[in-house]
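So the chains spell out like this:
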Amino acid sequence: DKLAAVGVYQIEGDRLKICLAQYLPAVRSDQRPKGFAIGPDSADVLLVLERHQPTADEKAIQDYWALVTQVEDGKEIPGEKLRDSSECVFSRMWFQLRIKYVRTSGGIKGTPALKGAFELDGAKQPKTITLYSDDHERAGYGMMSRKELPGIYKLDGDRLTIAYRKGGPWPEKFESEPGSGVTLL
């Protein structure tokens, strides 16, 4: 016995409406809703979704960024080791920091150092970025654990600077001093 819900949808510009006839084991119905109004005891579901309108910073950060500087807890990694082998990619709401990858005719090979989702808040000063890193260790029940890495960012033309701290709080400056726990990219 498969669980399924039948429904109707409507797209108007940047808005999507979906009305689903809720599947209840005691009340089997293959009848689709006739419109987008639901009654209080119908068990139907109405969803109204609007397309996300990205901010200027959300648009500007989307790209491949070559990693030219990396300072972890006050220790700088030499730039010549980074330039040809590392990059940070932002795509929609996802990011991936790749270190020591190799470009081949078949594409890019390597293991991401960090990957996951990100969120920008350009209204704060300094502007904040939260990296939600998918941890490589399992959290139990086959699920990946997710670490929140609070940071700050600035976009200056073709240069993106990020400072983040594992375990919070948000860094206040674009610096990585020994003992600070801040990584500066």
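Computed from a predicted model, the values in this text were never measured in an experiment. (Residues numbered from 1 in each chain as written. Predicted model: local features only at pLDDT ≥ 70, side-chain atom pairs only at ≥ 80, totals over all residues. Heavy atoms only, no water.)

Caption draft 1: Looking closely at empty space enclosed by the protein. For the structure shown, the criterion picks out one cavity of 30 Å³ or more. In this structure, the largest cavity encloses a volume near 50 Å³. Around the largest cavity sit Cys88, Phe90, Phe95, Leu97, Leu114, Leu131, Ile162, Tyr164 and Leu185, which together line it. Those elements that provide at least two residues to the lining of the largest cavity are strand S7 (86-91), strand S8 (94-99) and strand S14 (159-165). (1 Å grid on protein atoms, 1.4 Å probe; cavity = no way out; pocket = protein on both sides within 12 Å on 5 of 7 lines; lining within 4 Å. Points joined across faces, edges and corners; volume = space filled by probe spheres on them. Helix = DSSP H or I, 4+ residues; strand = E, 2+ residues; numbered from the N terminus.)

Caption draft 2: Structural context of the side chain of Thr130. Counting through the fold element by element, Thr130 comes out in strand S12 (residues 128-138). Setting aside residues no more than four positions away along its own chain, Thr130 makes contact with Ala117, Phe118, Glu119, Glu148, Leu149 and Trp170. (Contact = heavy atoms within 4.5 Å.)

Caption draft 3: The nonpolar core, seen in detail. Ile61, Phe90, Phe118 and Ile129 are the most contacted members of the largest nonpolar core, which has 18 residues in total. Mapped by element, the contributors of at least two residues to this core are S7, S8, strand S11 (112-121), S12, strand S13 (144-156) and S14. For Phe118, the contacting residues outside a window of four places in its chain are Ile61, Gln62, Phe90, Arg92, Met93, Trp94, Phe95, Ile129, Thr130, Leu131 and Tyr132. Within the second largest apolar cluster, five residues are counted, among which are Ile152, Ala163, Val182 and Leu184. (Core = buried A, V, L, I, M, F, W, Y, C linked by side-chain atoms within 4.5 Å. Buried < 20%, exposed > 50% of the residue type's maximum accessible area, 1.4 Å probe, protein only.)

Caption draft 4: Molecular detail of the packing of aromatic side chains. Tallied over the full model, the rule gives two aromatic pairs. An aromatic cluster is defined as three or more aromatic residues linked by ring pairs; in this entry it consists of Phe90, Phe95 and Phe118. Here the guanidinium or amino end of Lys124 rests over the ring plane of Trp170, the centre of that ring lying 5.5 Å away. Above the plane of the ring of Phe174 lies Lys154, whose end atom (NZ or CZ) is 4.7 Å from the centre. (Phe/Tyr/Trp six-rings, centres within 6.5 Å; stacked < 30°, edge-to-face > 60°. Lys NZ or Arg CZ within 6 Å of the ring centre and 35° of its normal.)

Caption draft 5: Just unusual backbone geometry, in detail. Across the junction of Gln125 and Pro126, the peptide omega takes the value -5 degrees, indicating a cis bond. If you trace the backbone, Pro126 turns up in the loop between S11 and S12. Of note, Asp73 is a non-glycine position whose phi angle comes to about 50 degrees, a positive value. With respect to the helices, strands and loops of the structure, Asp73 is situated in the loop between strand S5 (70-72) and strand S6 (75-77). Of the residues examined, Asp73 reaches a relative accessible area of 31% and is grouped as partly exposed. Of note in this structure, Arg92 is not a glycine but carries a positive phi near 55 degrees.

Caption draft 6: Just the pattern of salt bridges, in detail. A complete count under the given rule lists five salt bridges for this structure. Asp121 is the partner of Lys124 in a salt bridge, and the nearest nitrogen-oxygen pair spans 4.0 Å. Notably, a salt bridge pairs Glu175 with Lys173, separated by 3.6 Å at the nearest N-O pair. The class for Glu175 is partly exposed, based on a relative accessible area of 36%. (Salt bridge = Lys/Arg side-chain N within 4 Å of Asp/Glu carboxyl O.)

Caption draft 7: Main features of a nonpolar patch on the surface. A contiguous nonpolar patch, built from Ile38, Leu46 and Val48 and spanning about 220 Å² of accessible area, is present on the exposed surface. Mapped onto the elements, Ile38 comes out in the loop between strand S2 (15-21) and strand S3 (45-50). Accessibility expressed as a relative area gives 39% for Ile38, which makes it partly exposed. (Patch = residues over 30% accessible without salt bridge, like charges linked within 9 Å, V, L, I, M, F, W, Y side chains within 5 Å. Areas by Shrake-Rupley, 256 points an atom, 1.4 Å probe, with all protein chains shown as cover.)

Caption draft 8: Spatial organisation of the sheet that holds S2. Reading across the sheet, the three strands line up as S1-S2-S3 and stay open at both edges, with antiparallel pairing between neighbours. If you trace the sheet from one side to the other, it starts and ends with strand S1 (6-12) and S3, each paired once. Averaged over all neighbouring strand pairs, the angle between strand axes comes to 15 degrees, with direction disregarded. As paired strands, S1 and S2 are joined by seven bridges and run antiparallel to one another. Bridging across to S2, Gly7 finds its partner in Leu20. (Pairing = 2+ DSSP bridges. Axes fitted to C-alpha atoms, helices over the stretch in contact; angles between N-to-C directions.)

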